Amino acid sequence: MMASLPLRSIRHQHALRHGLTLHRQPVFQRRTFASPTAPSFSSRSPFRTASYTVLFAISTGLLAAYYFDARSAIHRYVLTPVLRYTFDAETGHKIAVKVLRSGLAPRDIVKDDDVLRSEILGFDVSNPVGLAAGFDKDGEAVDGLFNLGFSWVEIGSVTPKPQPGNPRPRVFHLPADSALINRYGFPSQGAAAVVSRLRARIPTFHDANKASTGALRSGAVLAVNLGKNKTSPADSSEDFVSGVKTFGPYADVLVVNVSSPNTPGLRGLQNRELLQNLLKDVVEARNALEPSPVTSRRPRLVLKIAPDLEESQLADMAEVIRSSDIDGVIVSNTTIARPSSLTDANKAETGGLSGRPLKPYTLRALKTLRAHLPASIPIIGCGGISSGADALEYGRAGASFVQLYTEFGYGGAGTCRRIKDELASLLKTEGKTWGDVVSESVAGLSWKEPAPRLPVPVREGEATVGKLIEEAEMLRSLLDRLGEEMSGSMET
């Protein structure tokens, strides 16, 4: 029976033998990659790759442009807070210095407004905002800091010999108060290490002229803050004299720091007699220097004082400064006071307080000192400046220039540009320049040489002391002569 079935193929026989069910296989039309109805994968691949590459390059470029612009909000609201809350205060500080040193830091790419042009200590600068000492202690990131728009970068404090400073932890954020407490105690790599970095910045074929500055760029100056080794005699000026000799050829300004609260005995140098001797010694050391091969001049000397001095102490200090050849004063360093307004848990830490709570103390000292110093001696205001309005308030109080420190740490890379823009806007609203504000305040608030006392005019018929003395002398002479005559008569 099987043999009689009309089986049409061996395949059918095999299927029947094994009880398999036949299924008709669907037939698909096979298309080659070369079919004109659909583009091939190989033809799309180069186009997609090129598109992705261009998109990536544009995105990277935009991100880089955003990052390297110091004005970008990411620095103030993202990167700086992340750094502050991820690391302890000192570690975050060191990371910031290393980034600025690397050349990979943001930059202030905007030209300073002409209303901000300033003159300080005989230098023409593009704006009146500088960076105070304490941030770049060892001169590692000088150019990175200038690139952020500061017209004055002050490195240090630098001590003659290396020293570790005080034990850690020694710096504390007070974010609730926009403040900082530090007891660093002058940690320093020493003068030799720092001066080698300053030398390395100088171009091989540098040609010094009257416009040259230690900043090695126009419209800016470089300052070095001179500190004292902890092991040096408290009343000795030797460390400061050494600093003048070492850094004089490389800096535009040398700052004599007698105001840190974290070095035992240092603030004692603010007392009248010790200050007189100190200023005499550093001025003599400065005057003995040859003109700098970098700047073609000798450095200016500036004294940095504490905000905690009484009015009588400030008056005595001003008298000493007036009789010296010191070129200017920075008011002020950190304070040992703890205002009742502080709320942060770190407020009880020992050390110097800086930031916004310092501002009233500094302004008080500034106004007092301005009233006891002539207009020829400029004052640089430093303490609690966090806005353009703060800078303008200092200018109206008699400061010729201002410096930032703590606000730079909280506000990040764009802080200097933000404050400059705010200040320029306020000045334009008033129709003034920074120079106008400073000229008006300094002229009106500065100490003036008392006029010599003129002799009181004598009315006709009135006796004067001189006339009475003259008549008394004549009377005594007559009496002496009369006595001699009487004596002679008795002898005869």
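For the structure itself, consult the block above.
Scoring rules and cut-offs
- Residues numbered from 1 in each chain as written.
- Predicted model: local features only at pLDDT ≥ 70, side-chain atom pairs only at ≥ 80, totals over all residues.
- Heavy atoms only, no water.
- Axes fitted to C-alpha atoms, helices over the stretch in contact; angles between N-to-C directions.
- Helix = DSSP H or I, 4+ residues; strand = E, 2+ residues; numbered from the N terminus.
- Parallel < 35°, antiparallel > 145°, perpendicular 65-115°, else oblique.
- Left-handed = near helix turned anticlockwise from the far one by under 90°.
- Contact = heavy atoms within 4.5 Å.
- Nonpolar A, V, L, I, M, F, W, Y, C, P; charged D, E, K, R; others polar.
- Pairing = 2+ DSSP bridges.
- 1 Å grid on protein atoms, 1.4 Å probe; cavity = no way out; pocket = protein on both sides within 12 Å on 5 of 7 lines; lining within 4 Å.
- Points joined across faces, edges and corners; volume = space filled by probe spheres on them.

Colleague: Any chance you could explain the packing of helix H7 (residues 238-247) against helix H8 (residues 272-287) here in plain terms?
Modeller: Each pair of packed helices can be summarised by the angle the axes make with each other and by the distance between the axes. At a closest axis distance of 9 Å, the pairing of H7 and H8 adopts a crossing angle of 20 degrees. Classed by the angle they form, the pair H7 and H8 counts as roughly parallel. Note on packing geometry: the crossing formed by H7 with H8 is right-handed. Contacts between H7 and H8 pair Phe240, Val241 and Val244 from the former with Leu278, Asp281, Val282, Ala285 and Arg286 from the latter. Classifying every residue of the contact of H7 with H8 by side-chain character gives 6 nonpolar, no polar and 2 charged.

Colleague: I keep staring at the sheet that holds strand E3 (residues 129-131) and nothing clicks. Help me out?
Modeller: Each strand in a sheet pairs with its neighbour through backbone hydrogen bonds, running either in the same direction (parallel) or in the opposite one (antiparallel). Taking strand neighbours around the barrel as the criterion, the 8 strands line up as E3-E4-E7-E8-E9-E10-E12-E13 in a closed arrangement whose pairing is parallel. Here the strands of the sheet are splayed against their neighbours by 25 degrees on average, with no regard to which way each runs. Pairing analysis gives 5 bridges linking strand E8 (residues 253-257) to strand E9 (residues 300-305), with the strands arranged parallel. If you follow Val256 over to E9, its bridge partner there is Leu303. With respect to the sheet, helix H10 (residues 359-370) is in contact with E9, strand E10 (328-331) and strand E12 (379-382), its orientation differing from that of E10 by roughly 155 degrees.

Colleague: What am I meant to see in the layout of surface pockets here?
Modeller: Space left empty within the atom packing is revealed by a probe, the size of a water molecule, rolled over the atoms. Reported here for the largest pocket is a volume of approximately 660 Å³. Along the walls of the largest pocket sit 30 residues, with Thr80, Leu83, Gly92, Ala96 and Gly409 positioned nearest its centre. Of all the secondary structure elements, the ones that give two or more residues to the lining of the largest pocket are helix H3 (73-86), helix H4 (89-102), strand E5 (171-174) and helix H12 (406-411). It is H4 that contributes the most residues to the lining of the largest pocket, 7 residues altogether. In the lining of the largest pocket, the residues fall into 20 nonpolar, 8 polar and 2 charged.

Colleague: I keep staring at unusual backbone geometry and nothing clicks. Help me out?
Modeller: Glycine aside, residues mostly have negative phi angles, and peptide bonds mostly take the trans form. With an omega dihedral of -5 degrees, the bond running from Arg168 to Pro169 counts as a cis peptide bond. Positive phi is not limited to glycine here, since Leu121 has a value of about 60 degrees. Tracing the sequence through the fold places Leu121 in the loop between strand E1 (118-120) and strand E2 (123-125).

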